[in-house]
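# Examination of the molecular architecture
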Amino acid sequence: MKKIFEIALGIVTSVGGFLEIGSIATAAQGGAAFSFQLIWAIALGGLCVIFLVEQAGRLAAVSGHTIPDAIRERFGSNYFLFLLLVIAIVSLLVMAAEFGGVCVALEMATGIGFQWWAIPVAFVVWLIIWKGTFGAIEKGVSLLGLVTLCFVVGAIIIHPPWKAILHGVLPTLPAQDKTHYWFVAVSILGASISPYLFFFYSSGAIEDEWDQSYVGVNRIIAVGGMSFGSLISIAVLVLAAMLLLPAAIKVEHYSQLPLLLIPIFGRTGFWLFVASLGIACLGAAMEITLEIAYLAAQGFGWNWSENQRPLDEARFSLVYTVTIVLAMLLVVVGIDPLKLTIFSMALTAATLPVSIVPFLFIMNDKSYLRTYRNGWISNGVVLLIIALAFILAIVSIPLQIFGGS
Amino acid sequence: MINRRPIILVLLCLACQSCGSDAEKFNKEIEEAISWLASARMVSDAYANGTTPEGYTRKALASFQNELQSSAKRMETISDPRKQLALAALKQSDQTLVELQTKFGDRAWFSQLNLQLANQQTSIAASANPKAPPNTR
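These figures come from a predicted structure and were not determined experimentally.

### Remarks on the overall build of chain B
Looking only at helices and strands, chain B has 5 helices and 0 strands in total. Listed by position from the N terminus, the elements making up chain B come as α-α-α-α-α. Taken across its 137 residues, chain B has 42% of its residues classed as buried. For chain B, restricting intrachain contacts to residue pairs at least 6 apart in sequence, the fraction spanning at least 24 positions comes to 72%. Carbon and sulfur atoms make up 55% of the accessible area of chain B, which totals about 7600 Å².

### Observations regarding the nonpolar core
Soluble globular proteins tend to bury their nonpolar side chains together. Counting residues in each nonpolar core, the largest one holds 189 residues, and the members touching the most others are Leu-38, Phe-99, Phe-151, Ile-193, Phe-198 and Leu-260 of chain A. Looking at which element gives the most residues to this core, the answer is helix H4 (residues 67-110) of chain A, with 21 residues.

### Comments concerning a nonpolar patch on the surface
There is a patch of nonpolar side chains on the surface, built from Leu-318, Val-322, Val-325, Leu-326 and Leu-329 of chain A and spanning about 410 Å² of accessible area. With respect to the helices, strands and loops of the structure, Val-325 of chain A is situated in helix H14 (residues 314-332).

### Observations concerning the environment of Met-328 of chain A
Residue and element names in this part refer to chain A. Position of Met-328 relative to the elements: it lies in helix H14. Residue class for Met-328 comes out buried when judged on its relative accessible area of 14%. Between the C-alpha atoms of Met-328 and Gly-100, which are 228 residues apart in sequence, the distance is 8.5 Å. The residues contacting Met-328, other than those within four sequence positions of it, are Phe-99, Ala-118, Ile-119 and Ala-122.

### A look at the interface of chain B and chain A
At the interface, 26 residues of chain B touch 25 residues of chain A. At the boundary of chain B with chain A, total buried surface from both sides reaches about 2200 Å², with 63% on carbon and sulfur atoms. One can count 1 salt bridge joining chain B with chain A. Our count for the chain B to chain A interface comes out at 5 residue pairs in polar contact (both at pLDDT 80 or more).

### A word on the side chain of Thr-26 of chain A
Residues and elements named next belong to chain A. Along the chain, the position of Thr-26 falls in helix H2 (residues 21-34). A polar side-chain atom of Thr-26 sits 2.7 Å from the main-chain carbonyl oxygen of Gly-22. Ignoring sequence-local partners within four residues, the contact set of Thr-26 consists of Val-184, Ser-187, Ile-188, Ala-191, Ile-342 and Met-345.

### Focus on the side chain of Thr-341 of chain A
The residue Thr-341 of chain A is located in helix H15 (residues 337-350) in this model. When neighbours within four sequence positions are excluded, Thr-341 of chain A is seen to be in contact with Ile-21, Gly-22, Ala-25 and Ala-97 of chain A.

### Regarding the packing of aromatic side chains
All names here are of chain A. This structure, assessed with the given rule, holds 26 aromatic pairs over all chains. With a centroid separation of 5.5 Å and 40° between ring planes, the pair formed by Phe-75 and Tyr-79 is classed as tilted. Here Phe-75 and its partner Tyr-79 are both found in helix H4, 4 residues apart, which amounts to about one turn of the helix. A residue is classified by how much of its surface remains accessible, and Phe-75, at 29% relative accessible area, is partly exposed.

### A few points about the pattern of salt bridges
Close approach of charged atoms allows side chains with opposite charge to pair. Residues and elements named next belong to chain A. Applying the stated criterion across every chain yields a total of 8 salt bridges over all chains. Among the ionic pairs, Glu-54 bridges to Arg-58, the shortest N-O distance being 2.9 Å. Taken as a pair, Glu-54 and Arg-58 lie in helix H3 (residues 39-63) at a separation of 4 residues, close to a single helical turn. Given a relative accessible area of 3%, Arg-58 falls into the buried group.

### What about the packing of H4 of chain A against helix H16 (residues 352-362) of chain A?
Residue and element names in this part refer to chain A. Where H4 meets H16, the axes come as close as 10 Å, and the angle between the chain directions of the two elements is 175°. In terms of orientation, H4 lies roughly antiparallel with respect to H16. Along the contact surface, H4 presents Ile-67, Ala-70, Ile-71, Arg-74, Phe-75, Tyr-79, Phe-82, Leu-83, Val-86 and Ile-87, while H16 presents Pro-353, Val-354, Ser-355, Pro-358, Phe-359, Phe-361 and Ile-362. Residue composition of the contact of H4 with H16, by class: 15 nonpolar, 1 polar and 1 charged.

How each quantity is defined
- Residues numbered from 1 in each chain as written.
- Chains lettered and ligands numbered in written order.
- Predicted model: local features only at pLDDT ≥ 70, side-chain atom pairs only at ≥ 80, totals over all residues.
- Heavy atoms only, no water.
- Helix = DSSP H or I, 4+ residues; strand = E, 2+ residues; numbered from the N terminus.
- Buried < 20%, exposed > 50% of the residue type's maximum accessible area, 1.4 Å probe, protein only.
- Contact = heavy atoms within 4.5 Å.
- Areas by Shrake-Rupley, 256 points an atom, 1.4 Å probe, with all protein chains shown as cover.
- Core = buried A, V, L, I, M, F, W, Y, C linked by side-chain atoms within 4.5 Å.
- Patch = residues over 30% accessible without salt bridge, like charges linked within 9 Å, V, L, I, M, F, W, Y side chains within 5 Å.
- Salt bridge = Lys/Arg side-chain N within 4 Å of Asp/Glu carboxyl O.
- Buried area = accessible area lost by both parts, 1.4 Å probe.
- Polar contact = N/O pair within 3.5 Å; in protein donor to acceptor, adjacent residues only side chain to side chain.
- Phe/Tyr/Trp six-rings, centres within 6.5 Å; stacked < 30°, edge-to-face > 60°.
- Axes fitted to C-alpha atoms, helices over the stretch in contact; angles between N-to-C directions.
- Parallel < 35°, antiparallel > 145°, perpendicular 65-115°, else oblique.
- Nonpolar A, V, L, I, M, F, W, Y, C, P; charged D, E, K, R; others polar.

Structure below.
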């Protein structure tokens, strides 16, 4: 009974915590520009994340190691430092984009410019992490994040052409604007296969004290949570395709995003959008903040746990404090949150191989996983994800130059 | 000896990017302008119906107007015979957007100005393809 409850809670928190500014912005851009044609990118990203998250959780449950921890042990400190540098830079940009998302939600609610909210939002994020426990942060914010299901409700209410949506699961090329099409596809994949997602998940498994008996639970949560999460992203794309594309609106400014829900829910739609954006980005901002601190602490062998007192893990606490200040500064200087989001999603795609290649070695290492090593299906999928990661790494920057808005 | 071929290729690609034909650039600007106007129309329509708060509407309309002005500035640098018509319509839209931002609180006026924006959007779309009937919502 306890396990069933944990599975349900795990799926619910994964669903509630899935959407963030990257997935909202990229899915909306995709739908507004190419109708249902880019659903395949969300589906592919979701599939990759299911496998990576499942493996991250399995590693933590069986070996008691998180991914960064295992990477440092298996690949040495030089590779780890390289990984830390790359992931920290990319995560910092993504985190600033999430901070920006919360600030934009507050701007929409109050009419006060988003930059003015940067310091209060940073303080609230810091205070919650400083005072809160892992469970409170993970479950509390993710449960609130269930408000993002309003996108799914909206997509159903609008009666979309289901056949065309199913057709969108298969990749097709647009008649024109191919470079922009691939740029948005890469950004969607970058938003879906975010390293912070599975790094954070493996640290969370340790925080929640998972052991070998959680291997099955982990699998169900990974498959259920990430699939339903991807459905929310698809719903955003469907709404953009049904409401913005016919009006000839391309998504290039965050002020256009509430138009995804206003035509369906009216005034409530506006506030649902503001709540969805604010809560989803707040949750993601806290997860990324913690992920950077986890990464540094696990790699350097410091004390780390969101459940301990900050005094007992001063260096861990210092890392997240400094990270919050840096991300806040990026918002204070007034960088457009939507542009920052799109850029950071493309950059995430460019750096994927650094964090995904080690999976193949670690997940086949007997000393970590004993009888729970990857089977041929998992290895095959990881190999495909690595191939995809290399392709994304090669094409993302040229596409950013030629296909970005 | 450094292999310069990749550098030359990259520079060529960058040059190609910056020298797309004027007609293509013009059409792209028209698409952008229509997108900003359509956004402004949807937001002002929502405000007129009492759906969006004043703070958000004010900020959104100001942003769309800025983007529209940038689009007009870029359009001025393009040598395309169709641009005069488009620029004239853009100027009118700019004035309508300015007027909209002085009419907060008067939702009836908003509805009326929104109709003007719709006509201006049609004019801009028509300027891109003078022979074809305009296709805007």
